[in-house]
Amino acid sequence: MKALMWVGMAVVFGFLISVIWTVFSRGAKAMSWEMVSQLPGGGFYIGKEGGFLNAIVGSLYIVGASTAIGLLISVPVVFYLNVYLKKDSKLAYVARLACDVLFGMPSIVYGAFGFTVMVFFGLRTSLLGGIIVITLLIIPIFIRSMDEATRNFPRDILDASFALGATKWETLKVVLRQIAPGIATATLLSVGRAIGDAASVMFTAGYTDSIPTSLSQPAATLPLAVFFQLSSPIPEVQDRAYAAALVLTIIVLILSIGGRFITHRFSKNKL
Amino acid sequence: MAIEVQHLNVHIGDNHILKDVNLTLPERQITCIIGPSGCGKSTLLRTLNRLIDSTEGVKLDGKVLVDGEDIIGSGPEITELRRKIGLVSQRPCPLPMSIFDNVAYGCRINKMFKRRKSLIYAVQKNLMAVGLWQEVRGRVRTPAARLSIGQQQRLCLARSLAVAPQYILADEATSALDPISSKTVEDLFVSLKNEYTIIMVTHTLRQALRIADNVVFMYLGEIIEQGPADQVFNHPQQELTQKYLSGAFS
């Protein structure tokens, strides 16, 4: 039994290390300052000059905007579910179930849905399309993970704060202190999913070699940069796919390590 | 007379929780409210500092005079009222911050001190008042959640004392504690009664017997009997009180 556990652990670690190793070793070959600081040049996709700055910026635009919009929509929903609705409320049950279903929905379905909607409104692939679909994709993740963090919130804290003569606003600040780690974790989970998703942005944000200057222009993203370049038969271009994957991995690593750090600092005082 | 309750009725939804309650809570004494579970003791306590307001569908009528001022209806500013009436709840509930900040919280929101030094002094003084200072002096910046339950309850008491209340409401403040912590907190209340008016809901008759100056016996939302502890315990006037004290029901 113990041996089985060891084997399981070894498989997981081996897998993790080999993924990182592959991405780093193959990506490092093609990695250069040029890659992350320049737009693709004319012959980029046959192994000539340029980089994939367009994809980095595009990904950050989409993730930044959809995280902000996602938070704006999810936080009120979570408050409504946990503060206004009763514990055994049917609406809350249905809302949570809906989020769970959406949570498990493959992202290509989101992409297809977004595509249909855009066709219906006569929109073309654009930054806006990408932002909307990614927002829809991460809202259920936001809601469910924040919901879990808020659900076992000790209500006595409210009484304790009010009993000392605190106003609603002052009490809200105490509440935020208690649930901040939950919100941070939720944000990380969502950002991680949003930045790594290729399927949903393929038909909605599209792909382009330039940096979008308005919401109606298409936008490139890192996962798609990996996807397209890896499909190329030219080895140099394939290596660039790994360089893009490396950048993506580093962004995700920074986010999760930074997030852990912040969460840890916040949750120090948590009950 | 410090707090006077006149013809107080509390409804929550369709339930008539408190029925025509008339009560006098004398100053600088410990008044214990006893009675079986669900008789409205906690509701009464929560009405005194209007924490009951946060309960959905609550309706109050009657008069509650705190220092001669009716707190039901318009009354004084509610935050000011709550500052004047401290609360120690059944389960200790430190705020999600450090030991220091827990005690300082009330002082800060009520803007009691201009200088940081006075705040530090006040925190120290109140931690001493509950006998916690010696135990935590080296780690007042660590999270309050790391204290033991008994220490947390004393911290909550210190937190209440820090805003300089005149009254302390205690809702079964020792029932979640181990016997030793329970004894410590109980002794604390006794030592505080010279400065504060203490109103205590308790489940344990023996505790009331040990520390009460006055006793109020409630049953099904009504006050059955009230008076000096000696009189209520030794010469109860009502049959119900006699039965309750003899353990016929609880």
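Before reading further, recall that the structure is shown in the block above.
Residues numbered from 1 in each chain as written. Chains lettered and ligands numbered in written order. Predicted model: local features only at pLDDT ≥ 70, side-chain atom pairs only at ≥ 80, totals over all residues.

Description of the packing of helix α4 (residues 90-104) of chain A against helix α6 (residues 127-151) of chain A
Residue and element names in this part refer to chain A. The interhelical angle for the contact between α4 and α6, taken along N-to-C directions, is 125 degrees, at an axis separation of 9 Å. By the angle class used here, α4 and α6 are oblique. With respect to the hand of their crossing, α4 and α6 are arranged in left-handed fashion. Between α4, through Arg-96, Cys-99, Asp-100, Leu-102 and Phe-103, and α6, the contact on the second element is made entirely by Pro-140, Ile-141, Ile-143, Arg-144 and Asp-147. Looking at the contact of α4 with α6 residue by residue, the classes come out as 6 nonpolar, no polar and 4 charged. (Axes fitted to C-alpha atoms, helices over the stretch in contact; angles between N-to-C directions. Helix = DSSP H or I, 4+ residues; strand = E, 2+ residues; numbered from the N terminus. Parallel < 35°, antiparallel > 145°, perpendicular 65-115°, else oblique. Left-handed = near helix turned anticlockwise from the far one by under 90°. Contact = placed C-beta atoms within 7 Å. Nonpolar A, V, L, I, M, F, W, Y, C, P; charged D, E, K, R; others polar.)

What about the environment of B:Ser250?
All names here are of chain B. For Ser-250, the position within the fold is in the segment after α10 (239-245). When the 9 C-beta atoms within 10 Å are taken as the criterion, Ser-250 is described as exposed. It is 32 Å that separates the C-alpha atoms of Ser-250 and Gln-166, two residues lying 84 residues apart in sequence. (Buried ≥ 20, exposed ≤ 12 C-beta atoms within 10 Å, placed from the backbone.)

With respect to the pairing of strand β1 (residues 3-12) of chain B
All names here are of chain B. Across 7 bridges, the pairing between β1 and strand β2 (residues 15-25) is antiparallel. Across the sheet, the residue bridging to Val-5 is Leu-23, located in β2. Counting the residues in the hairpin turn of β1 and β2 gives 2 residues, including Gly-13, whose phi is positive at 60 degrees. By the bridge criterion, 8 bridges tie β1 to strand β4 (residues 58-66) in an arrangement that is antiparallel. Looking across to β4, one finds that Glu-4 is bridged to Leu-65. (Pairing = 2+ DSSP bridges.)

A few points about the sheet that holds strand β6 (residues 85-88) of chain B
Residue and element names in this part refer to chain B. With mixed pairing, the 6 strands of this open sheet are ordered in space as β6-β7-β8-β3-β9-β10. Edge positions in the open sheet fall to β6 and β10 (222-228), since each of these has one partner strand only. Direction aside, neighbouring strands of the sheet carry axes that sit 15 degrees apart on average. With 4 bridges joining them, strand β3 (residues 30-34) and strand β8 (residues 197-201) adopt parallel strand pairing.

Re the pairing of β8(B)
All names here are of chain B. Counting buried residues in β8 gives 5 out of 5 residues, a clear majority hidden from the surface. Every second residue of β8 is oriented toward a common face, with Thr-197, Ile-199 and Val-201 on one face and Ile-198 and Met-200 on the other, all of them buried. The pairing of strand β7 (residues 167-171) with β8 spans 5 bridges and is parallel. When the sheet's bridge partners are listed, Asp-171 is paired in β8 with Val-201.

What to know about the nonpolar core
Ranked by size, the top nonpolar core spans 77 residues in total, and within it B:Ile33, B:Ala158, B:Leu169, B:Ala170, B:Ile199 and B:Met200 carry the most contacts. Residues within four places of B:Ile199 in sequence aside, it is in contact with B:Leu25, B:Thr31, B:Ile33, B:Leu45, B:Leu48, B:Tyr167 and B:Leu169. Counting residues in hydrophobic clusters, the runner-up holds 53 residues, among them A:Ala186, A:Val191, A:Ala225 and A:Ala244. (Core = buried A, V, L, I, M, F, W, Y, C linked by C-beta atoms within 7 Å.)

Structural notes on the interface of chain B and chain A
Taken together, the contacts link 23 residues of chain B with 20 residues of chain A. Those elements giving two or more residues to the side of chain B that touches chain A turn out to be α2 (78-84) and α3 (99-109) of chain B. Residue contributions to the side of chain B that touches chain A peak at 4 residues, all from α2(B). Residues belonging to the side of chain B that touches chain A are distributed by class as follows: 12 nonpolar, 6 polar and 5 charged.

Re the packing of helix α1 (residues 2-30) of chain A against helix α11 (residues 235-267) of chain A
Residue and element names in this part refer to chain A. Packing of α1 against α11 leaves a shortest axis separation of 7 Å and a crossing angle of 115 degrees. Helix-helix and strand crossings are classified by hand; for α1 and α11 the assignment is left-handed. Taken together, the residues of α11 that come into contact with α1 (itself represented by Val-23, Phe-24, Arg-26, Gly-27, Lys-29 and Ala-30) are Glu-236, Asp-239, Arg-240, Tyr-242, Ala-243, Ala-245, Leu-246 and Thr-249. Residue classes in the contact of α1 with α11 are distributed as 7 nonpolar, 2 polar and 5 charged.

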